[in-house]
Amino acid sequence: IQMTQSPSTLSASVGDRVTITCRASQSISSWLAWYQQKPGKAPQFLIYKASSLQSGVPSRFSGSGSGTEFTLTISSLQPDDFATYYCHQYISYPITFGGGTKVEIK
Amino acid sequence: EVQLVESGGGLVQPGGSLRLSCAASGFTLSSYWMSWVRQALGKGLEWVANIKEDGSEKHYVDSVKGRFTISRDNAKNSLYLQMNSLRAEDTAIYYCARYSGESSFLNWGQGTLVTVSS
């Protein structure tokens with residue numbers, strides 16, 4: 001299953017509402033997760049089953065979608081949110097990731 | 001607190017072998033699937049392998065099948081990745097991760113760098 005993220009790069013300002021899209025090449029129901037990764041660090045788990053927020057993750061992060069189209073939304077971008085975001089499907093093997101979306105400071 | 005600490009990375013020649021280890025603490029290893037995920041420098045994430053709680057089921061990405069072997073020793077709280085016939089394209093940071101079929105990759109280690117070069 002191919003996972004396609006868009007955009008690959010996003011320029012935004014603190015306080016902006018940001019939306020990242022992830023598309024699957026076939027239906028994955030809600031078996032999608034999102035991760036945040038900062039340079040030189042391991043990925044951090046944000047959202048599972050498309051819309052369930054992992055414990056401890058700020059509520060400004062939200063996920064939605066099912067089937068083949070999914071979105072990660074940051075309601076009000078904070079300085080700590082500038083990072084690269086990855087989606088991946090885990091409905092079947094091989095587990096596959098999207099190419100990533102880098103959120104940069106505008 | 002969940003901790004995953006990888007070790008064993010380094011520089012190896014093409015065709016060579018390397019064994020990565022991941023020391024787990026802060027949770028009961030025998031209750032979770034475990035994973036290896038890699039990331040070439042400056043590139044995206046690539047899932048490599050998963051292993052069931054008791055080691056009875058394993059899955060691999062096609063590019064490493066027949067060359068890599070994932071294993072675990074729950075008594076030693078350890079996960080392993082035996083990598084043989086290494087290629088330049090295997091050069092990456094290798095992360096171990098605690099995995100759940102419901103939630104996916106719950107926790108990640110800090111990674112260990114594997115460089116395959118002559």
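Residues numbered from 1 in each chain as written. Chains lettered and ligands numbered in written order. Predicted model: local features only at pLDDT ≥ 70, side-chain atom pairs only at ≥ 80, totals over all residues. Heavy atoms only, no water.

Visitor: Honestly, the interface of chain B and chain A in this entry has me stumped. Any pointers?
Guide: One widely used convention gives an interface's size as the accessible area the parts lose upon coming together. The interface is formed by 20 residues belonging to chain B together with 17 residues belonging to chain A. Summing both sides of the interface, chain B and chain A together bury roughly 1,600 Å²; the carbon and sulfur share of this comes to 62%. On the chain B side of the interface with chain A, the three residues burying the most area are B:L45, B:W47 and B:E102, jointly 33% of the side's total. If you look at where chain B meets chain A, you find one salt bridge. (Contact = heavy atoms within 4.5 Å. Buried area = accessible area lost by both parts, 1.4 Å probe. Salt bridge = Lys/Arg side-chain N within 4 Å of Asp/Glu carboxyl O.)

Visitor: Can you help me understand the state of the cysteines in this one?
Guide: Simply put, disulfide is the name for a covalent bond between the sulfur atoms of two cysteines. For the structure on display, the rule yields two disulfides over all chains. Residue pairing for A:C22: its cysteine sulfur links by disulfide to A:C87, the two sulfurs lying 2.0 Å apart. Taking the sign of the S-S torsion, about 70 degrees here, the bridge from A:C22 to A:C87 comes out right-handed. Here A:C22 is found in strand β3 (residues 18-24), whereas its partner A:C87 is found in strand β9 (residues 84-89), with 65 residues between them in sequence. Taken as a pair, A:C22 and A:C87 share a single burial class, namely buried. Here B:C22 is linked by a disulfide to B:C96, with a sulfur-sulfur distance of 2.0 Å. Placement of the pair is B:C22 in strand β3 (residues 18-25) and B:C96 in strand β9 (residues 92-100), with a sequence separation of 74 residues. Given the relative accessible area of 0%, B:C22 is considered buried. (Disulfide = S-S within 2.5 Å. Helix = DSSP H or I, 4+ residues; strand = E, 2+ residues; numbered from the N terminus. Buried < 20%, exposed > 50% of the residue type's maximum accessible area, 1.4 Å probe, protein only.)

Visitor: Would you mind showing me how to read the pairing of strand β11 (residues 112-116) of chain B here?
Guide: Side-chain direction in a regular strand flips from residue to residue, so the side chains alternate between the two faces of the sheet. All names here are of chain B. Taking every second residue as pointing to the same face, the buried face of β11 carries T112, V114 and V116, while none of L113 and T115 on the other face is buried. Bridge analysis of strand β2 (residues 10-12) against β11 gives three bridges, and the strand direction is parallel. For G10, the partnering residue across the bridge sits in β11 and is V114. Pairing geometry for β9 and β11, over three bridges, is antiparallel. Residue pairing in the sheet places I93 in a bridge with L113 of β11. (Pairing = 2+ DSSP bridges.)

Visitor: What exactly am I supposed to notice about the side chain of A:H88 here?
Guide: Here A:H88 shows up in strand β9. A polar contact of 3.4 Å, which involves the side chain of A:H88, links it to the side chain of A:Y35. Among the polar contacts listed, one links the side chain of A:H88 to the side chain of B:S104, at a separation of 2.7 Å. Not counting residues up to four positions away in its chain, the partners in contact with A:H88 are A:W31, A:L32, A:A33, A:Y35, A:I95, A:T96, A:F97, B:S104 and B:F105. (Polar contact = N/O pair within 3.5 Å; in protein donor to acceptor, adjacent residues only side chain to side chain.)

Visitor: Looking at this structure, I do not really get the packing of aromatic side chains. What am I missing?
Guide: Each aromatic ring pair is summarised here by two numbers: the centre-to-centre distance and the angle between the ring planes. The full count for this structure, using the stated rule, is twelve aromatic pairs over all chains. Taken together, a centroid distance of 5.6 Å and an interplanar angle of 85 degrees make the contact between B:F27 and B:Y32 edge-to-face. We classify B:F27 as buried; its relative accessible area is 15%. Grouping aromatic residues by their ring pairs yields a cluster made of A:Y35, A:F45, A:Y48, A:F97, B:Y95, B:Y99, B:F105 and B:W108. Sitting over the ring of B:Y80, B:R19 keeps its end group 3.9 Å from the ring centre. Seen from the ring of B:Y32, B:R98 lies directly overhead, with NZ or CZ sitting 4.4 Å from the centre. (Phe/Tyr/Trp six-rings, centres within 6.5 Å; stacked < 30°, edge-to-face > 60°. Lys NZ or Arg CZ within 6 Å of the ring centre and 35° of its normal.)

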